[in-house]
Amino acid sequence: MDEDELSRLHRSSVYLDSQAHMAKIFSKDPQSWPGAIKIQNAWRGYRARKSLPLRINESLHLGYELFVMKKRLYRRKMLVGFFKHVVFMLLLSVVVWLQLGQTIHNRHELEHTVDEMVQSLETPEGLGFNSVSEVGDAWQWVRRGLFTKIANADELNHVYVRTYNLLVGSIRLETTRVSSSSCSWPDSLPRAYRLKSIPPDCYGKGGGEDSPYGPSHDPRRYQASERHGETRYVVDLGVDPKFAALRLQELATSNFLSKNTRTLTISFLLYNHALPMLCYTRLKLFLHPTGRIEHRSLSHAVSVQAYMDQHYWVQAILEVILLLWTFFQAYGLLARLVNRFAKPPKPVGFVGGAKAASVQRRTLSLYWILGVLRVCCTFIFMMYWIVLYEDGSRDLDLSVTRHYELERVTELLSLHEKFAVITILLSLITLLEFFDVSDRLAIISRTIRQVGADLPAFFFLFIVFWFTLAFIGFLLYGHSLIEFSYYGTAINTCWDIMLGNFVFSQLEPAYDPDDWFAAVAAVCFFYSNLVLMLLLLFNMLIAIFMDAFARIKADSESKANALITYNMGPLWKDALQAGKLRLRYALFRIRGRTDVLLPWTESRWMRDTRLVAETRYAIGQRVHVVRLSTFISNLRALPTSKGEDVTAQVKLRFGHRRFIAPPKIDRPFDESTYKRMIEDDIRRVESFTGETAKIVRNLSALLESNGTDHRVTGAPCSNDTSSQVSRASSAWVSKG
């Protein structure tokens, strides 16, 4: 209905003009004025009702209407939430990119360069960092490998590594120690062992030795200090190469490294002016109680400051927007929690409330928890960024002589990266909450929710099998293969067996080929992993998901659900309809049009429809199915509709809507009704096909009676035969 017709029907000035005109006509007989005005109003009301494109005798199912409204509102909510979440993910990704992504490649290049430099450092005898196997080898490599490289200073006493990387400050040596009586088993089991003449010294696994030590003439030279939760002995070599060489010689003669040493850490700081970046490198040697030395080279490159771009203010604004957005998300999650534990509304028996209310309740459990975790991780990773910005460890002088320690900065940066990654991952997972915006997207999220009841039992069985097989591998091959040397590594190795990353030939070094029992045990262990875990349990997991997917897809493709989706209207048109109507109303008001009717919102229609249903339910009238005329009368009787043109609102709502009523209005959700409709259609098609086949047979018999088989020869028909065929074809077409 256009605006001119609406204003013509409902503009009060028309009635006033009509009354004035009637007053002129009946001016000679004033007593006939009220009757004339009544006749005129009744006639105009009849014409207005006649022009309404409404079938007032049409039946409505209030429960079905409410369900469609609720689904439509829920879809709008999901659409708005989907776009908000996508924009939030884009904002989050842009902020993380500006904070970390721009420098990742440069960090990789610098760290890789330093690692290559460390691996290439060798003594004249060919001793490298990874070939250090004893404490004496560590001294040889530090003095004749590492120090020889960094002792070549230029005329300004600057040391450069790989041409462009400036050594900043002093090199530091750190050790952790254990006492010679750190083994606890002789004291705990004094009579349980059978050894005689036990050595007096025992160097156990634990560290924590903090007593001072040194050469015989200065036994308290090296004092322990607490650094990052460890007790360490620290010595700085200085920046002067000659002084550093003398200091290394003194450390070697004063037993700075000995049997009591458990770890040796060599740390230094490099600066690259082209990037510009700092690279804090720590070379660690772990001396195990068995005498094996484990080598680790850890390099961490960081920017010299938090904001490196000249348009840093753009990044700062985006970060503030992200924090404010996250704060509003936290407020929304808190409001959902309050509403979840608020007093639920009274159940109403006319609407099938469980089915309609489940649309809103089903996303308040797991997705709410994931949303809270996402908000917390966002605040945490932004807090780490603020701490990195305020940290003064990188405010350094490149000509300084003392050691600069950036271990705290690298730890903060590592935590910042981890929480940023967790936040992005949680944002991606919580995007599934808004997949209900479309039926095709909703199949994915509904499938995941559907398998939620079966997955706990499956994962319990899966973990029992997995951990048991890992324990068997740990017992069988933990002493021979490093992949099974710890129970945690055995769990990872069993996972690799399931994925095919660990082959049977890697087990062969763990047993003697002549031992047939060990060979059979290896075959049984390896292939039991494949059969039980991969072929059985993994396929069972796939079957659980496929079965749930098939059920969800069948439900979504049902006729009742398809009709509900159709009656809800197109997604984009429905999403823009409310805003379009309000925009048109605002434009008319700006132009001074006060006679334009503002349509009721979806929430208003749902509220008033529910009030009508509750009122009819309370007074004992029929609730499910009512006529449209009765529905209009009930709407007019509501206290919320006083002074409003209900008929015009109903016309706007029901006059031009895209709607197909259910086949059985009293059972709109019954799928059997739609099945009977399909069966009737099939029977009609089959009967039509049978009539067609009968006509074709008659045509063939007619052709054969004239002695011509045109299906084979293709010869022309006679005139009589052609006319008979034409008449038969016309009859067949008219019958069809």
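Note that the structure is predicted; figures quoted are calculated from it, not measured.

Caption draft 1: The pattern of salt bridges, seen in detail. A full pass over the atoms with the stated rule returns 25 salt bridges. Measuring nitrogen to oxygen at the nearest pair gives 3.3 Å for the salt bridge that ties Glu-433 to Arg-336. Separated by 97 residues along the polypeptide, Glu-433 in the loop between α12 (407-430) and α13 (439-450) and Arg-336 in helix α9 (residues 312-340) bring together distant segments of the chain. With a relative accessible area of 7%, Glu-433 lands in the buried category. Taking the shortest distance from any N to any O, the salt bridge between Arg-604 and Glu-644 comes out at 3.1 Å. In this pair, Arg-604 is assigned in helix α19 (residues 602-618) and Glu-644 in the loop between α20 (628-637) and α21 (646-654), connecting sequence segments 40 residues apart. Sharing partners across several salt bridges, the network here consists of Glu-174, Glu-230, Arg-232, Arg-282 and Glu-407.

Caption draft 2: Geometry of the packing of aromatic side chains. Under the counting rule described, the total for this entry stands at 35 aromatic pairs. Judged by centre distance (5.1 Å) and plane angle (70°), the rings of Tyr-222 and Phe-256 are edge-to-face. In this pair, Tyr-222 sits in the loop between α7 (185-188) and β4 (224-227) while Phe-256 sits in the loop between α8 (241-253) and β6 (261-272), placing the two residues 34 residues apart along the sequence. Phe-256 sits in the buried class, given a relative accessible area of 0%. An aromatic cluster is present here, built from Phe-458, Phe-459, Phe-462, Trp-466, Phe-467, Phe-471, Phe-474, Tyr-487, Trp-495 and Phe-538 joined pairwise through their rings. Taking NZ or CZ as reference, Arg-402 lies 4.4 Å from the ring centre of Tyr-404, over its face. Note that Arg-604 overlies the ring of Trp-600, its terminal NZ or CZ placed 4.0 Å from the centroid.

Caption draft 3: Structural context of the environment of Phe-381. Here Phe-381 is to be found in helix α11 (residues 366-390). You can call Phe-381 buried: its relative accessible area is 0%. Spatially, the C-alpha atom of Phe-381 lies 9.3 Å from that of Val-421, the residues being 40 residues apart in sequence. The residues touching Phe-381, leaving out its near neighbours within four places in the chain, are Leu-92, Val-96, Gln-99, Leu-322, His-416, Phe-419, Ala-420 and Thr-423.

Caption draft 4: Representation of the pairing of strand β5 (residues 230-236) in the model. Strand direction decides the pairing type here: strand β3 (residues 165-177) and β5, joined by 4 bridges, are antiparallel. Pairing of Arg-172 across the sheet is with Asp-236, part of β5. With 4 bridges joining them, β4 and β5 adopt antiparallel strand pairing. Bridge pairing links Ser-225 to Arg-232 in β5. Here β4 hands over to β5 after 2 residues, with His-228 in that stretch at a positive phi of 55°.

Caption draft 5: Spatial organisation of the packing of α11 against α12. The interhelical angle for the contact between α11 and α12, taken along N-to-C directions, is 155°, at an axis separation of 8 Å. When the axis of α11 is compared with that of α12, the two are roughly antiparallel. With respect to the hand of their crossing, α11 and α12 are arranged in left-handed fashion. Across the contact of α11 with α12, the residue classes tally to 19 nonpolar, 6 polar and 2 charged.

Caption draft 6: Here's a closer look at the confidence of the model for the protein chain. Residues at a pLDDT of 70 or more form 76% of the protein chain, whose mean pLDDT is 79. Taken element by element, the protein chain is modelled with least confidence in helix α23 (residues 719-735), mean pLDDT 39, and with most confidence in α12, mean pLDDT 94. Note that residues 346-363 has pLDDT below 50 and, in this model, 30 contacts with residues that lie over four places away or in other chains. Within the model, the stretch residues 706-736 combines pLDDT values under 50 with 23 contacts to residues more than four positions away or in other chains.

Caption draft 7: Structural detail: α9. In a regular helix each residue adds 1.5 Å, so 29 residues correspond to 42 Å; α9 covers 42 Å between its end C-alpha atoms and thus fits that length. On its buried side, α9 packs onto α4 (62-99) and α11.

Caption draft 8: Seen up close, the pairing of strand β8 (residues 293-303). In this sheet, β8 lies alongside strand β7 (residues 277-287) in antiparallel orientation, the contact comprising 11 bridges. Counterpart to Leu-283 in the pairing with β8 is Ser-297. Linkage of β7 to β8, two consecutive antiparallel strands, is achieved through a turn of 5 residues, within which Gly-291 is found at a positive phi near 100°.

Conventions we followed
Residues numbered from 1 in each chain as written. Predicted model: local features only at pLDDT ≥ 70, side-chain atom pairs only at ≥ 80, totals over all residues. Heavy atoms only, no water. Salt bridge = Lys/Arg side-chain N within 4 Å of Asp/Glu carboxyl O. Helix = DSSP H or I, 4+ residues; strand = E, 2+ residues; numbered from the N terminus. Buried < 20%, exposed > 50% of the residue type's maximum accessible area, 1.4 Å probe, protein only. Phe/Tyr/Trp six-rings, centres within 6.5 Å; stacked < 30°, edge-to-face > 60°. Lys NZ or Arg CZ within 6 Å of the ring centre and 35° of its normal. Contact = heavy atoms within 4.5 Å. Pairing = 2+ DSSP bridges. Axes fitted to C-alpha atoms, helices over the stretch in contact; angles between N-to-C directions. Parallel < 35°, antiparallel > 145°, perpendicular 65-115°, else oblique. Left-handed = near helix turned anticlockwise from the far one by under 90°. Nonpolar A, V, L, I, M, F, W, Y, C, P; charged D, E, K, R; others polar. pLDDT = per-residue confidence, 0-100. Expected span 1.5 Å × (residues − 1).

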